[in-house]
Amino acid sequence: MSDEGPDLVVAGAGGGLVAALRAAELGLDVLVVEVSEHFRRGNNTSMSTAMIPGAGSRFQRAAGIEDSPAQFLEDILRKTKGQADQRLARALAELSPRLVEWLADSVELPLSVVTEFHYPGHSADRCHTIEGRHGTQLLDHLLARVRASDRIDLLVPAKLTDVRVDDDGRVEAAVVQTPDGSTEEIPTRAVLLATNGYGADRELVRRHLPEIADAVYHGSEASRGDALRIGRELGADVAFLDAYQGHGALARRSSTFVGWATVMHGGVILGLDGRRFGDETTGYSEYAAVIAAQPGSTAWIVLDRRIHDACLPFTDFRQTIESGALVWADDVPGLASATGLPADAVAEELATAVALARGEGADRFGRTFFEAELAPPFAAVQVVPALFHTQGGVVVDEHARVTRPDGSVIPGLYASGGAAAGISGHGAAGYLAGNGLLPALGLALLAAESTAGARVPQHSAPEEGTA
């Protein structure tokens, strides 16, 4: 590290590690500052399912999937009802194939495309992930690469408390505090705010996200709005503070993640009255608030052996099984007994679901996809709604640079992931699978390249007839 300080200070050792790796690759010295000693298992990157969208990647082409950034952008705008920041959404959609290919080539992340079920809102299979489909493996891989680099220093635990700017408003130092209360002002020309959002600050959640304020928070306890505070003090614009990713599939018994693949493979969700109460395939983020509004703020996901086996590639689902949160029954009366739900209602709902899977009639809630008929033996898991992370924050441009309300840039200040205003529009309904990790990793990549002044060629698909 230079005596004049690092070229880039990254606050947050989650998706921000991508910025450190890319910056080091481009010849910069980097300091990563992380507040939590338990970040390897306790930040939102590690708690994710490691799904990274890449629209038009070579992995898709190898699987025979036709896709493009333009198609991805259309999906984002459709899901958000046109509310998303179109400039940022376009930039990230265009970056997405280059991002996943860079992760595979430069970081040697063993990625593949998920094709056995389709995530709500995506018109093509474009989510890339790793074996185990869990963020701990993703973060461990990134961390190992960081520790192997002689250009990257990692300071843990330590907290970024302030960013100093010079008379021209340019970043000139990062103020870092250690647990003993001592502070150090570290000279640097660039700071990336990768500290996630404000999900762990219950007061901010209640103020901006009242519909989900009483739900379980299933995210990093270090996500307390530090980037919002620092950004605002420097005059940054903020937006979409009412946006969040919720989830309707957190096991009540074990607080483990069940996963929405259970639904997309054909499962149904029943309330305490034994009845379905909506189209479960609209999206797992918005369904958190739907469950929160039900009596008892809870529900049961019903699946069968086929669905159970199809979800085994997910580490989270296997952990839910190991926790004992699933109950099994050989028939519908047994399922009603095991769950405590009214037997007549359960029988009627499952019979209707089987008929819909056969193509008989139309669902009263508008659900159009049931992968296969539910068949005994049945399994069920009681779930509660959860807040995973917030999706609003400081406004950034297409280079991850933090901007002021007049659109001008705060030179040297960057933001990524939940620290930045994302691409999910307002509320929870605009969230698409992977659109948490895409701004986390993608904006981090762009921040590193902007800091280095790198001229990076745009990703382009090969000409017809080429591999």
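Residues numbered from 1 in each chain as written. Predicted model: local features only at pLDDT ≥ 70, side-chain atom pairs only at ≥ 80, totals over all residues. Heavy atoms only, no water.

### With respect to the sheet that holds strand S5 (residues 127–129)
Neighbouring strands of a sheet are bound in pairs by backbone hydrogen bonds; such pairs are parallel or else antiparallel.
Phase 1 of the analysis: Judged by pairing direction, the sheet is antiparallel, and its three strands sit side by side in the order S3-S5-S4 without closing on themselves. Strand pairing shows two members of the sheet lacking a second neighbour, strand S3 (52–53) and strand S4 (112–113), which therefore form its edges. (Pairing = 2+ DSSP bridges. Helix = DSSP H or I, 4+ residues; strand = E, 2+ residues; numbered from the N terminus.)

### Considering the pattern of salt bridges
Phase 1 of the analysis: Enumeration over the complete set of coordinates arrives at 32 salt bridges.
Phase 2 of the analysis: The shortest N-O distance in the salt bridge between Asp75 and Arg126 comes to 2.8 Å. With a gap of 51 residues between them, Asp75 in helix H4 (residues 69–79) and Arg126 in the loop between S4 and S5 connect regions that are remote in the sequence. Accessibility classification places Asp75 together with Arg126 in one group, the buried group.
Phase 3 of the analysis: Here Arg364 and Glu349 are joined by a salt bridge, their closest N and O atoms 2.7 Å apart. One end of the pair, Arg364, is in the loop between helix H14 (343–357) and strand S17 (378–390); the other, Glu349, is in helix H14, and 15 residues separate them in sequence. (Salt bridge = Lys/Arg side-chain N within 4 Å of Asp/Glu carboxyl O. Buried < 20%, exposed > 50% of the residue type's maximum accessible area, 1.4 Å probe, protein only.)

### Brief notes about the confidence of the model for the chain
Phase 1 of the analysis: Of all residues in the chain, 96% have pLDDT values of 70 or greater, and the mean over the chain is 95.
Phase 2 of the analysis: Note that residues 463–467 has pLDDT below 50 and, in this model, one contact with residues that lie over four places away or in other chains. (pLDDT = per-residue confidence, 0-100. Contact = heavy atoms within 4.5 Å.)

### Examining the pairing of strand S2 (residues 30–33)
Phase 1 of the analysis: Burial along S2 is two-sided: Val30 and Val32 facing one way and Leu31 and Val33 facing the other are all buried.
Phase 2 of the analysis: Handedness of the strand S1 (residues 8–11)-helix H1 (residues 16–25)-S2 crossover: right-handed.
Phase 3 of the analysis: Bridging between S2 and strand S6 (residues 152–155) involves four bridges; their strand directions are parallel. Following the sheet pairing, Val32 is matched in S6 by Leu154. (Right-handed = clockwise from strand over helix to strand, strands pointing away.)

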